[in-house]
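Structural overview for review
What follows is the residue order along each chain.
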Amino acid sequence: MLCFETICVENRQLKNLSYHEARLNKTRQELWGCMDDWDLAGLLQIPDHVDDSMHKCRLAYEKEIDNIQWEPYSRRTIRKIRRVYDDEIDYQYKYDNRDALNVLFAQRGDADEILIIKKGLVTDSNYCNVAFFDGSDWLTPATPLLPGTQRALLLDQGIIRLAEIRESDIAKFQNIRLFNAMVDWAHAATLDVSLIA
């Protein structure tokens with residue numbers, strides 16, 4: 001049951017490392033009973049081929065590290081989002097096996113991304129946490145499939161706040177924004193909610 005962390009590398013610097021470390025160590029403790037906390041700054045040595053451009057470090061692990069991959073990263077363009085439905089999906093840990101998510105993503109039709117609705121509640125997109133703008137505040141679902149590291153940072157900074165967001169609430173908002181470890185708040189795709197089909 002492999003899990004993984006995706007860590008943004010910019011200018012040869014690992015971003016938000018403390019948040020990735022906290023999630024990884026919590027996952028190792030809860031899934032495998034590991035009581036030793038990993039120090040990612042000590043474990044991850046950026047290889048020489050990684051230049052100043054944006055890269056993705058993908059660390060796959062169980063009780064121990066399985067593999068580490070470093071690859072260039074470019075942000076996707078998102079123009080349209082399709083709602084998809086799954087009342088049973090469970091992705092509370094960042095599992096390497098994304099089969100259930102891939103099935104939902106395959107239902108996107110002509111959209112670039114999906115918005116997963118579980119038991120009437122808004123959760124996440126395929127790869128991102130989301131937030132909705134109500135004219136004054138950015139609200140993120142209190143029911144994500146996976147509480148992301150960028151989400152945790154934005155909550156700590158007071159940029160977003162938690163709310164229960166039902167599918168029926170979507171039309172009350174102005175915008176949706178999609179963000180994750182590789183897409184920070186400043187670069188996150190922001191769409192009018194009318195573009196959620």
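See the structure printed just above.
For clarity, every value in this text was computed on a predicted model and none was experimentally measured.

All right, on to the state of the cysteines then. Applying the stated rule across the entire model yields 0 disulfides. In this structure Cys 34 is a free cysteine whose sulfur lies 11 Å from that of Cys 3, the closest cysteine sulfur available. In this structure Cys 57 is a free cysteine whose sulfur lies 10 Å from that of Cys 8, the closest cysteine sulfur available.

Picture the strands of a sheet paired through backbone hydrogen bonds; they go either parallel or antiparallel. Taken in spatial order, the 4 strands line up as 2-1-3-4 in an open sheet, and their pairing is antiparallel. The sheet is open, and its two borders are formed by strand 2 (13-14) and strand 4 (65-72), each paired with just one other strand. Bridge count for strand 3 (residues 55-61) against strand 4 is 7 bridges, and the pairing is antiparallel. Paired with Tyr 61 across the two strands is Ile 65, which belongs to strand 4.

Attention now goes to the sheet that holds strand 10 (residues 161-163). The strand order 10-9-8-11-12 describes an open sheet built from 5 strands, whose pairing is mixed. Whereas interior strands pair on both sides, the edge strands pair on one side only; in this sheet they are strand 10 and strand 12 (189-192). Each neighbouring strand pair of the sheet contributes to a mean axis angle of 35°, computed without reference to strand direction. In this sheet, strand 11 (residues 175-179) lies alongside strand 8 (residues 129-133) in antiparallel orientation, the contact comprising 5 bridges. Bridging across to strand 11, Ala 131 finds its partner in Arg 177.

The next point concerns the pairing of strand 9 (residues 138-141). Look at any regular strand and the pattern is simple: side chains alternate between the two faces of the sheet. In strand 9, alternate side chains face the same way, and those of Trp 138 and Thr 140 on one face and Leu 139 and Pro 141 on the other are all buried. Pairing of strand 8 with strand 9, which is carried by 2 bridges, proceeds in the antiparallel orientation. The residue bridging Phe 132 from the neighbouring strand is Leu 139, located in strand 9. Taking the residues that link successive antiparallel strands as the turn, the strand 8-strand 9 hairpin has 4 residues, and the phi of Gly 135 there is positive, at about 110°.

About the criteria used
Residues numbered from 1 in each chain as written. Predicted model: local features only at pLDDT ≥ 70, side-chain atom pairs only at ≥ 80, totals over all residues. Heavy atoms only, no water. Disulfide = S-S within 2.5 Å. Pairing = 2+ DSSP bridges. Helix = DSSP H or I, 4+ residues; strand = E, 2+ residues; numbered from the N terminus. Axes fitted to C-alpha atoms, helices over the stretch in contact; angles between N-to-C directions. Buried < 20%, exposed > 50% of the residue type's maximum accessible area, 1.4 Å probe, protein only.

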